[in-house]
Amino acid sequence: MATRLLAAALLIGMMAGPGLAADPARAPTVKSPAPPGPPKVTVTLLGETASIEPGASFWVGIRQRIAPGWHTYWTNPGDSGEPPTVDWALPPGWAAGPLVFPQPERMPVGPLMSYGYTDEVVLLTRLTAPAGRPNGGPVTLRGHVAWLVCEKICIPEEADVTLTLPVAAGKPAPGAGAAAIEQARRAVPSPSPWPASLRATPETVTVSVAAPGLQPDRIAEVVFFPGRWGVIDHAAPQEVTIAPDGIALRAARGLLPEDPSADLDGVLVIRERLDQGLVSSAFAITASVGGGPGPSLTMIAAIGLALAGGLILNLMPCVLPVLSIKALAMVAHGDSSPGIARRHGLAYTAGVLVCFAALAGALLALRAGGAQIGWGFQLQSPLVVTVLAYVLFTLALGLSGLLVIGGRFTGVGQGLTARPGYAGSFFTGALATVAATPCTAPFMGAAVGYALTQPPAVALSVFEALGLGLALPFLALSLVPAWRRLVPRPGPWMARLSQAFAFPLYASVAWLVWVVSRQAGPDGVALVLLGLLLIAFGAWLRHVAHRAAPRWRRAATGVALASAAVAIALAPLAAAGPPATATPGAPAGAAWEPFSPARLAELRGQGKPVFVNFTAAWCITCLVNERVALRSPAVAETFARHGVVYLKADWTSRSGEIASVLGSFGRSGVPLYVVYPARAGRATMPEPRVLPQILSEGAIIEAFDKETL
Amino acid sequence: MSAELIGRRSFLARTGTGLVLAGGASSLLSARPAWAAVAKVGEAAPGFTVNATNGSPVSLASYKGKLVVLEWTNHDCPYVRKHYDTGNMQSLQREAARQGVVWLTVISSSEGTQGYVTPTQADELTTSRKAAPTAVLLDTKGVAGKLYGATNTPHMYVVDKAGMLVYAGAIDDRPTSRRADVQGANNYVRAALDAVAAGQPVKTPVTRAYGCTVKYS
């Protein structure tokens, strides 16, 4: 009985079991994505004006308020993402321009880079109303905006935006969104005042912006945002070099295999150090694809070209004078044994090769460190140019007979000496190299250009080939005894020839002084000439004391060396002055007068309102302010209406006068904008007002309108 | 400011070395991001071995002699869903299978990120979406992804029979997540497969892949 009950229970249990176990059909383990919550971005359509003037254009802004941690995208979203789009549904007759994007931010996402916006951004569009009033009632402007917003995941969102405005004749008052739109317009990249170009090598792309006269120590950061994908690797670091002639940015190439053929639009953002911190300015640049690098050379071809270039370099004006020293040495040693002649030739070649290796090594090391410099870089420093001028001048004095430097250094003995003077040949070789660098012979350009894009070993071999070419004529003469018979025998003519050869050297010195004038201005020239004078004086002292008693000779040598030391000490001071910078093209807009404290006092005495703009050619924020705010017709009209006199204080070449006026406002730099209101009916002169360093049209107009209530 | 200071500063500014800003100390530049620098169209497609959903390792080299399509995917990404929900990806996979093309779907999402699936879940997705890849590879460590420089989902690559990479980039020329844009789009993968089959060079071998970023670890 119990067993039967047990069996029945088991049976029932077994039958009911599957039912009781509540085993549902296998649910999928992949959850469908959670339904989207509230949108991450709220969009609103803002209007610049409070009403619509028929036939006029005005700005509207699509403001995206983005949830914290999320971002939307720029017109080129970068490595991933999608830019926002808007489809307008406007009444007939209306026209809408394209979306205008403010300056984007860089948003690294792991190893990738996107360009876009966080927090809040206003995308602008220019709308044009049709002329004539169709029915006089308010007009509703509608747009359908679609965008992608991402954090770790991406959500495409869309929304409709509307703006209803009345139609009214006459100039409209500012609308509710005017302030936001003005701020957005300020953030839109301004058209670049500088031309830009693009150069691509197989591995890198360089964008060069010809912005002369910028001061590297004022600039904290330069970033380039390319306008389209594939040309530049978005995530790669951009190597920036600021040279006297402009900015160069070098970055790794993007993924498109072919060289860029169309001009590359993009945005260049420069962060500048002002008194009140860092200010960003954005410029819309179009980098035109310059003449490409041409068919690339092979290493053998480059070496061949370098050799030829070196040979031709012998004939260049900067090398020829130095070679004249060598020529004289050759003549002086014309009678010596072939062995000695050969060794002289080899010493000379060694001097050339070692010096080329040192220069090339320094160039490659600096370029590897990021500097964008080319061959001849050492002559971009006025200090080096000055020292070179001194050295050449000293040698010229030697050739003129004023200075006997000694057979040790020039190999030009007073007669045939037993001393070989190999060191002299070596240093002549080194000197020829240093003097040769500024002259670019034909063929050299292509070879050097090739060398600089190659790994160091290849680059060095090309430069050594160049050196070999330079040394070749004399090396050949020294190695081949037969040719030496062509060299005339030494005689009295040597003295006259050496004096004649001094003049090409003096010409080189004159040229170097001209270079210093370009680099360091008239003050630099004065200092270099003073240095040369001191050297000449020292040389004369030595010459005069040459046959005097040893005591006098030593004294004269001492004074001569002292003069030389003073001359050398002057060299860095000669490098002090700022170069003459070309001021950018004259701005249009309100007419201005140059500032002077006297003129300001005069105008204040007359009770006139004055606006003073302290600016400089190398100040980027000043440039942007001028373009965005000062050149606008609204500001010109305001100035005209109030009779404002516009004074411009140009601090490009620093002046103590302007510096002290800046100091009186507690500033040490530009830009500075000061409004001196009109006297009007007041008892005392009203105090001057300082406007913000980031200037807007509204601020200027308001400053003057407010004062004349 | 004394004259000396001006001299020194201007001297530094004036010397030909210029001022090195951002990235000066960084490594030498290469043509591609350093993390993914191997796959280049026109060169041999890099080999890899990744486990498929059934646990066995799948190696690209084993498919030499066949056309291979690599599809980087993330099932939750709106851009991937655009192609799967409309059946576009599946029909492309079937078309490819008919031509004897090997289709490898690769998931490089790391654990805990969007798109990451276990092998079972991956197989479920294949069934529920009626997809027809030859295999689904779980590249959780992102090795294959970084080798190819896969940046977005969907990111498509086509490897020809000799093992050369002939196409890398987007699936088509409409970089949106709108389903309506599938119709009428120029499908680059189909074009690449057709070109290779006809023995001709691929017309647009490199395009910008659109979609969500690949969620590497």
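Here, the structure is the one placed above.
My aim in this report is to walk through the structure given alongside it, one point at a time. What you are looking at is a predicted structure, and each value in this text was computed from that prediction instead of being measured.

Reading the values: the criteria
Residues numbered from 1 in each chain as written. Chains lettered and ligands numbered in written order. Predicted model: local features only at pLDDT ≥ 70, side-chain atom pairs only at ≥ 80, totals over all residues. Heavy atoms only, no water. Pairing = 2+ DSSP bridges. Helix = DSSP H or I, 4+ residues; strand = E, 2+ residues; numbered from the N terminus. Axes fitted to C-alpha atoms, helices over the stretch in contact; angles between N-to-C directions. Contact = heavy atoms within 4.5 Å. Buried < 20%, exposed > 50% of the residue type's maximum accessible area, 1.4 Å probe, protein only. Expected span 1.5 Å × (residues − 1). Arc of directions from axis to C-beta. Phe/Tyr/Trp six-rings, centres within 6.5 Å; stacked < 30°, edge-to-face > 60°. Disulfide = S-S within 2.5 Å.

1. Examining the sheet that holds strand 6 (residues 135–138) of chain B
All names here are of chain B.
Move 1: Taken together, five strands build an open sheet; the order of strands is 6-5-4-8-9 and the sheet is mixed. Looking at strand neighbours, the two that pair on one side only are strand 6 and strand 9 (165–169), the edges of this open sheet. For this sheet, the mean inter-axis angle between neighbouring strands, taken without regard to orientation, is 15 degrees.
Move 2: With four bridges joining them, strand 5 (residues 102–107) and strand 6 adopt parallel strand pairing. Its bridge partner being in strand 6, Ile107 is matched across the sheet by Leu138.
Move 3: Taken strand by strand, helix 3 (residues 88–98) contacts strand 4 (68–72), strand 5 and strand 8 (155–159), and its axis lies near 140 degrees from that of strand 5.

2. Some words on the pairing of strand 20 (residues 610–615) of chain A
All names here are of chain A.
Move 1: Of all the six residues making up strand 20, six are buried; the element is thus mostly covered by neighbouring parts of the structure.
Move 2: Of the two faces of strand 20, the one lined by Val610, Val612 and Phe614 and the one lined by Phe611, Asn613 and Thr615 are each fully buried.
Move 3: Two elements, strand 20 and strand 22 (residues 672–676), share five bridges in a ladder whose sense is antiparallel. When the bridges of strand 22 are listed, Phe611 appears paired with Val675.

3. Quick word on helix 3 (residues 299–313) of chain A
Residues and elements named next belong to chain A.
Move 1: Taking 1.5 Å per residue as the helical rise, helix 3 with its 15 residues ought to reach 21 Å, and the 20 Å between its terminal C-alpha atoms agrees with that figure.
Move 2: Those residues of helix 3 that fall on the buried side of the exposure criterion are Ala302, Ala306, Gly309, Gly310 and Leu313. Angularly, the buried residues of helix 3 cover 100 degrees about the axis, an arc narrow enough to put them on a single face.

4. A closer look at the packing of aromatic side chains
All names here are of chain A.
Move 1: For the structure on display, the rule yields 23 aromatic pairs over all chains.
Move 2: A ring pair is formed by Trp74 and Phe225, whose centres lie 6.0 Å apart and whose planes are at 70 degrees; its orientation type is edge-to-face. Taken together, the residues span a long stretch of sequence, with Trp74 in strand 3 (residues 71–78) and Phe225 in strand 14 (residues 219–226) at a distance of 151 residues.
Move 3: Judged by relative accessible area, Trp74 falls into the buried class, the value being 4%.

5. Concerning unusual backbone geometry
Move 1: The linkage connecting B:Thr153 with the following residue, B:Pro154, adopts the cis geometry, with an omega of 0 degrees.
Move 2: Within the fold, B:Pro154 resides in the loop between strand 7 (152–153) and strand 8.
Move 3: If you check the backbone angles, A:Asp119 has positive phi at about 70 degrees while not being a glycine.
Move 4: Counting through the fold element by element, A:Asp119 comes out in the loop between strand 7 (112–118) and strand 8 (120–128).
Move 5: Positive phi, normally seen in glycine, also occurs at B:Lys130, with a value near 55 degrees.
Move 6: For B:Lys130, the location among the structural elements is in the loop between helix 4 (119–128) and strand 6.
Move 7: For B:Lys130, a relative accessible area of 57% puts it in the exposed group.

6. Considerations on the pairing of strand 9 of chain B
Move 1: Most of strand 9 of chain B sits out of view: five of its five residues are buried.
Move 2: Here strand 8 of chain B folds back onto strand 9 of chain B, and the loop between the two strands holds five residues, one of which, B:Gly163, carries a positive phi near 90 degrees.

7. Re the state of the cysteines
Move 1: A complete count under the given rule lists two disulfides over all chains for this structure.
Move 2: With its sulfur 2.1 Å from that of its partner, A:Cys150 forms a disulfide with A:Cys154. On the S-S bond that ties A:Cys150 to A:Cys154, the torsion sits near 110 degrees, and the link is right-handed. Exposure class is identical for A:Cys150 and A:Cys154. Each is buried.
Move 3: Here B:Cys77 engages in a disulfide with B:Cys212; their sulfurs sit 2.0 Å apart. Since a negative S-S torsion denotes a left-handed disulfide, the B:Cys77-B:Cys212 link at about 90 degrees is right-handed. Of the two residues, B:Cys77 sits in the loop between strand 4 and helix 2 (78–85) while B:Cys212 sits in strand 10 (residues 212–213), which places them 135 residues apart along the sequence. When sorted by exposure, B:Cys77 lands in the same class as B:Cys212, which is buried.

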